[in-house]
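Coordinates in review
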Amino acid sequence: MDGIDVRNLEKQYQVFRKREGVWASLRSLVTRQYTTIRAVKGVSFRIEPGEMVAFLGPNGAGKTTTLKLLAGLIYPTAGTATVLGHVPWKREIAYRRRFALVMGQKNQLWWDLPAQESFRLHKEIYRLEADVFERRLAELTELLEVKKLVGQPVRELSLGERMRMELIAALLHSPDVLLLDEPTIGLDVVSQRKVQDFLKHYQAEQNLTVLLTSHYMKDVQALCQRAVVINEGEIKHDGPLADIVDRFSTFKVIDLLFAGDQRPQGLERFGEVFDDQFPRAKLKVPRQHVPEILTGLLSNYSLEDVGVQDRPLEEVIAELFTSTRADAEDASGPTGDDGRSDPAGARR
Ligand SMILES: Nc1ncnc2c1ncn2[C@@H]1O[C@H](COP(=O)(O)OP(=O)(O)OP(=O)(O)O)[C@@H](O)[C@H]1O
Ligand SMILES: [Mg+2]
């Protein structure tokens, strides 16, 4: 089967726990104490060929672990996965020629050599024909605007330039599946945009299947329509990116523009005032109370303009993660009267 198919995938790590103190350390040399970390706890999802899906979650959620499993770098503890019909951890050569993994935090190019030397190595590894290789290299360096830099040692490149070289190295062999682990981490806004634009264009043109992790919601919004959200090794949401705001945002923002030159009093009664710059102000209000709050505002103040907005995806996701954590710590159950604020209620 094409695409990516993940079923009940589980990965546990055994970590050696060192005891405190000299005597305890010596003793633990003899009786080693291990703890089990369940990094990925039975996740399932499917990605269709040609889809670009965001894989979101807070630090330590299990994203990189899942990508490493899909790249065949590590073995799962349980469960199955196929990518383009291959079981990744069997490490078949036929699979290696069809996917690529790019990790923003890891340098895969030779540090002291010009990028073009690493590219030549890839040519040999993937047994690319000379003319195919030259053509691909010319195309990619052109698209990513790094043609002039391929002869410079990688260590002399800026982070943004290096990242673009990493992408070239990953794409030279024309993979059908691309696993991207934070490809824009640490990049400035301009470089981030370059990488985003390139990925958008290239993915559509080549009909690549992409799974992308990023902590930058700008990347995600620019590139993906669908998001799989993972937290503490479990899938919390799988569906349209736009649904995340609808489903998890417990608040909306009311934008107010006051008429007259008197700063209005008592706005706090209606919600949390967070951007108070007379004649403008913003109010954060529970979404289920928006209609009555609007009525109250209109009858109490003289307003030039009023607007209701969803909160930015970034904030909603941050809230989703903190509330799931709070949920785990305090098992008192759902909060909020419409169930929207209950991330546990959203679990599948
Ligand atoms: N090699 C390893 N040995 C032991 N534990 C590990 C190992 N790799 C990851 N973990 C643990 O597994 C959990 C998931 O880690 P993972 O790197 O998959 O998270 P992540 O979602 O990629 O986070 P981030 O957003 O910070 O990159 C974490 O608790 C982490 O400490
Ligand atoms: Mg990670």
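Shown above is the structure to which this text applies.
These remarks concern the structure in this document. (Residues numbered from 1 in each chain as written. Chains lettered and ligands numbered in written order. Predicted model: local features only at pLDDT ≥ 70, side-chain atom pairs only at ≥ 80, totals over all residues. Heavy atoms only, no water.)

Turning to the overall build of the protein, a few remarks are in order. Scanning the protein from terminus to terminus reveals 11 helices and 13 strands. Principal-axis analysis of the C-alpha atoms gives the protein an extent of 75 × 55 × 45 Å. For the protein, the proportion of its 348 residues judged to be buried stands at 47%. When the accessible area of the protein is evaluated, it comes to approximately 17,900 Å², of which 50% is carbon and sulfur surface. (Helix = DSSP H or I, 4+ residues; strand = E, 2+ residues; numbered from the N terminus. Buried < 20%, exposed > 50% of the residue type's maximum accessible area, 1.4 Å probe, protein only. Areas by Shrake-Rupley, 256 points an atom, 1.4 Å probe, with all protein chains shown as cover.)

For the rest of this paragraph, the subject is the site of ligand 1. Of all residues adjacent to ligand 1, which total 13 residues, the nearest are Asn59, Gly60, Lys63, Thr64 and Thr65. Interatomic distance of 2.6 Å between a side-chain N/O atom of Thr65 and an oxygen atom of ligand 1. Within the side chain of His215, one N or O atom sits 2.8 Å away from an oxygen atom of ligand 1. For ligand 1, whose free accessible area comes to 640 Å², the fraction covered by protein is 66%. (Near = heavy atom within 4 Å. Polar contact = N/O pair within 3.5 Å; in protein donor to acceptor, adjacent residues only side chain to side chain.)

What follows is about the nonpolar core. Judged by nonpolar contacts, the single largest core of 52 residues is most densely connected at Leu56, Phe119, Met165, Ile168, Leu178 and Ile244. Discounting residues that sit within four places of it in the chain, Leu56 has contacts with Lys63, Ser214, Met217, Val220, Ala227, Val228, Val229, Ile230, Leu241, Ile317 and Phe321. Membership of the second largest hydrophobic core comes to 30 residues, among which are Ala39, Val40, Phe55 and Ala81. (Core = buried A, V, L, I, M, F, W, Y, C linked by side-chain atoms within 4.5 Å. Contact = heavy atoms within 4.5 Å.)

Turning our attention to the pairing of strand β6 (residues 177–181). Looking along a regular strand, one sees side chains alternate from face to face of the sheet. Where burial is concerned, most of β6 is hidden: 5 out of the 5 residues are buried. Both strand β5 (residues 99–103) and β6 contribute to a ladder of 5 bridges, which runs parallel. Of the residues in β6, the one forming a bridge with Val102 is Leu180. The parallel pair β6 and strand β7 (residues 209–213), bridged by helix α7 (residues 189–206), forms a crossover whose chirality is right-handed. (Pairing = 2+ DSSP bridges. Right-handed = clockwise from strand over helix to strand, strands pointing away.)

Moving on, we get to the sheet that holds strand β9 (residues 234–240). Overall, mixed pairing links the 6 strands, which are arranged β5-β6-β7-β3-β8-β9 in an open sheet. With partners counted over all chains shown, the strands left at the sheet margins are β5 and β9, one partner each. On average, each strand axis in the sheet is inclined to that of its neighbour by 15°, with strand direction left out of account. Along the sheet face, α7 touches β3 (52–56), β6 and β7 and points at about 135° away from the line of β3. (Axes fitted to C-alpha atoms, helices over the stretch in contact; angles between N-to-C directions.)

A few words on helix α9 (residues 241–248). Residues of α9 that are buried: Leu241, Ile244, Val245 and Phe248. The arc that holds the buried residues of α9, viewed along the axis, is 100°, so those residues lie on one side. (Arc of directions from axis to C-beta.)

A contiguous nonpolar surface patch, about 620 Å² in accessible area, is contributed by Val22, Trp23, Leu26, Leu29 and Val30. Examined against the element boundaries, Trp23 turns out to sit in helix α1 (residues 22–30). (Patch = residues over 30% accessible without salt bridge, like charges linked within 9 Å, V, L, I, M, F, W, Y side chains within 5 Å. Salt bridge = Lys/Arg side-chain N within 4 Å of Asp/Glu carboxyl O.)

Strand order in the open sheet formed by 4 strands is β11-β12-β10-β13, with antiparallel pairing between adjacent strands. Lying at the two open borders of the sheet, with one neighbouring strand each, are β11 (272–273) and β13 (303–310). For strand β10 (residues 251–258) and β13, the ladder comprises 7 bridges, and the chain directions are antiparallel. What sits directly across from Leu257, in β13, is Asp305.

On to unusual backbone geometry, then. The linkage connecting Phe278 with the following residue, Pro279, adopts the cis geometry, with an omega of 10°. When you line up the elements, Pro279 lands in the loop between β11 and β12 (280–286). For Arg91, which is not glycine, the phi dihedral falls at a positive 50°. Inspection of the secondary structure assignment puts Arg91 in the loop between β4 (78–83) and α3 (93–96). For Arg91, a relative accessible area of 39% puts it in the partly exposed group. Phi is positive for Glu232, which is not a glycine, with a value near 50°. Take Glu232: it is sitting in the loop between β8 (226–231) and β9.

Before going further, it helps to spend a moment on the pairing of β10. Burial within β10 is extensive, with 7 of its 8 residues counted as buried. Of the strand pairs in this sheet, β10 and β12 are connected by 7 bridges, and their pairing is antiparallel. Bridge pairing in β12 places Val253 opposite Lys284.

This paragraph deals with the packing of aromatic side chains. Applying the stated criterion to the full structure yields 6 aromatic pairs. On the numbers, 4.3 Å between centres and 15° between planes, the contact of Tyr95 with Phe99 is stacked. Comparing Tyr95 with Phe99 shows no difference in burial state: the two are buried. Ring geometry for Phe270 against Tyr301: centres 6.0 Å apart, planes inclined by 70°, an arrangement best described as edge-to-face. Pair noted here: Phe270 is in the loop between β10 and β11 and Tyr301 is in the loop between α10 (290–300) and β13, with a separation of 31 residues, a long-range link. (Phe/Tyr/Trp six-rings, centres within 6.5 Å; stacked < 30°, edge-to-face > 60°.)

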